[in-house]
Amino acid sequence: MEVPLKVKLSYLINQSSKFIWYSAHYIISFKYATPIKIDKSNPPPFYGKMPTGRKLFFEMMKLLNEERKLINSKFYKIPKTELKDLINTAKGSFDFFLDLPKIDKRRTSGKFSEVKTNKDLPKYFLRNFHYQTDGYLSEKSARLYEFQVETLFSGCAATMRRFSMIPLIKFIKDENLPRTKLLDIGTGTGDIIQTYKLNTKNLEVTCSDLSEEYLNVAKEKLKKFSDINYVNCKGEELPFDEKSYDIVTSTYVFHEVPSAIRKKIFSEISRVLRKGGIFILTDSLQMDDNPILNPLLEFFPYSTHEPYYPKYIKEDLASVARQNGLELFYSKNAYLSKSLAFKKI
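Since this is a predicted model, take the numbers as computed values, not measurements.

Parameters and conventions
- Residues numbered from 1 in each chain as written.
- Predicted model: local features only at pLDDT ≥ 70, side-chain atom pairs only at ≥ 80, totals over all residues.
- Heavy atoms only, no water.
- Helix = DSSP H or I, 4+ residues; strand = E, 2+ residues; numbered from the N terminus.
- Rg over C-alpha atoms; globule rule 2.2 N^0.38 Å.
- Buried < 20%, exposed > 50% of the residue type's maximum accessible area, 1.4 Å probe, protein only.
- Contact = heavy atoms within 4.5 Å.
- Areas by Shrake-Rupley, 256 points an atom, 1.4 Å probe, with all protein chains shown as cover.
- Lys, Arg positive; Asp, Glu negative; His and termini not counted.
- Charge placed at Lys NZ, Arg CZ, Asp CG, Glu CD.
- Phe/Tyr/Trp six-rings, centres within 6.5 Å; stacked < 30°, edge-to-face > 60°.
- Lys NZ or Arg CZ within 6 Å of the ring centre and 35° of its normal.
- Salt bridge = Lys/Arg side-chain N within 4 Å of Asp/Glu carboxyl O.

**A closer look at the overall build of the protein**
Here is step 1 of the chain: Within the protein one finds twelve helices and seven strands.
Here is step 2 of the chain: Compactness check: the protein gives a C-alpha radius of gyration of 20 Å against a globular reference of 20 Å for 345 residues, within 12% of the reference.
Here is step 3 of the chain: Projected onto its principal axes, the C-alpha positions of the protein cover 60 × 50 × 40 Å.
Here is step 4 of the chain: Taking all 345 residues of the protein together, 53% fall into the buried category.
Here is step 5 of the chain: Long-range pairs, those at least 24 residues apart, make up 74% of the contacts in the protein between residues at least 6 apart in sequence.
Here is step 6 of the chain: Of the roughly 17,500 Å² that the protein leaves accessible, carbon and sulfur atoms contribute 56%.
Here is step 7 of the chain: Here the protein contributes 55 positively and 41 negatively charged side chains, and the mean placements of these two sets differ by 3 Å.

Shown next as structure tokens:
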């Protein structure tokens, strides 16, 4: 049965509106930000090599066209836009511009350690990632986070995340279990979990995050689901039994932790996954995944506070995973992100 025309039109209108809305915010924020100083006598590797706007637009259209085909084939559905979403988006715009001068001030002064907390948290986490106010340690930051990320990717962030659905749905269909247990590491505000639940049946989810504040926002967003558990913990020290999950997922976490922590997280994932289970990792592209975009990857930590990103984009994730009993079997680029799937062997 073909997807109704109204569904096709809804997707087209929704994505076009998101692109225009968030691109406008990006252009305005870029225009009024303090220019980034570059030493032209010793320029960084990306200098003079950035892809044109036309090339970036082409890459985005490839992404959206691929998702359109997935939706038209009924492979997965995307959450409907509701009135409350539009209200939150309008509020997000106001808060975004309100916070911009603070972010710009931190970026130009190089200050990234204004996060204050009495909690026992690892040092690597106590930073103003992206120079954002409060880092990941306030509900205010959590409510603004999605808007900031969508602005960064011109309205394509949620789309890029959703490509993790491809190996997830295929695995659940192939396994045909009466109930599938999924652990998500670094849930953040829970947007992708909402999409997982919309597209699967009998999926028991555990959301985990190092930020209690972000987890609280996720709880609020996902309150209509009764079979979700929430655990405030480190990805490198998971408080779960061995072989207790069928699926582990993680989205945009690995590039924000040091290399040594990434290795520990891989080890913990392998421990809690049952044999034959899968780990789906969605994160930034790495160098040479799409050579056209290499300069953008190099520019990212230069323009914002991402201290662990330069090593991430050069790290052999498949090799680290293999050392921990996880074998890569799926890899797909999605504009500036990619989804990888590993099987516990």
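Further notes follow.
**Things to note about the packing of aromatic side chains**
Here is step 1 of the chain: Per the stated rule, a full pass over the model turns up 22 aromatic pairs.
Here is step 2 of the chain: With a centroid separation of 5.3 Å and 90° between ring planes, the pair formed by Tyr136 and Tyr214 is classed as edge-to-face. Of this pair, Tyr136 sits in the loop between helix H3 (83-109) and helix H4 (139-152) while Tyr214 sits in helix H8 (residues 212-221), and the two are 78 residues apart along the sequence. Here the two residues Tyr136 and Tyr214 agree in accessibility, since each one is buried.
Here is step 3 of the chain: Measuring from centroid to centroid gives 6.1 Å for Tyr309 and Tyr312, while their planes differ by 35°, and the two rings are tilted. One end of the pair is Tyr309 and the other is Tyr312, both in helix H11 (residues 309-312) and three residues apart, which spans about a single turn.
Here is step 4 of the chain: The buried category is assigned to Tyr309, whose relative accessible area is 2%.
Here is step 5 of the chain: Given a relative accessible area of 0%, Tyr312 falls into the buried group.
Here is step 6 of the chain: Linked through ring pairs, Phe125, Phe129, Tyr136, Tyr145, Tyr214 and Tyr308 together constitute an aromatic cluster.
Here is step 7 of the chain: When the ring centre of Tyr245 is taken as origin, the NZ or CZ atom of Lys181, which lies over that ring, is 5.2 Å away.

**Some remarks on the pattern of salt bridges**
Here is step 1 of the chain: Within this structure, the stated rule accounts for 23 salt bridges.
Here is step 2 of the chain: Salt-bridge contacts for Glu204 lead to Arg179; the nearest nitrogen and oxygen are separated by 3.5 Å. Taken as a pair, Glu204 in strand E2 (residues 203-209) and Arg179 in the loop between helix H6 (165-175) and strand E1 (180-185) lie far apart in primary sequence, 25 residues in all.
Here is step 3 of the chain: Residue class for Glu204 comes out partly exposed when judged on its relative accessible area of 24%.
Here is step 4 of the chain: Given the relative accessible area of 33%, Arg179 is considered partly exposed.
Here is step 5 of the chain: The closest approach of N and O atoms between Arg322 and Glu327, which form a salt bridge, is 3.4 Å.
Here is step 6 of the chain: The exposure class assigned to Arg322 is partly exposed, which follows from its relative accessible area of 45%.
Here is step 7 of the chain: Through salt bridges with shared partners, one network takes in Arg179, Lys197, Glu204 and Asp227.

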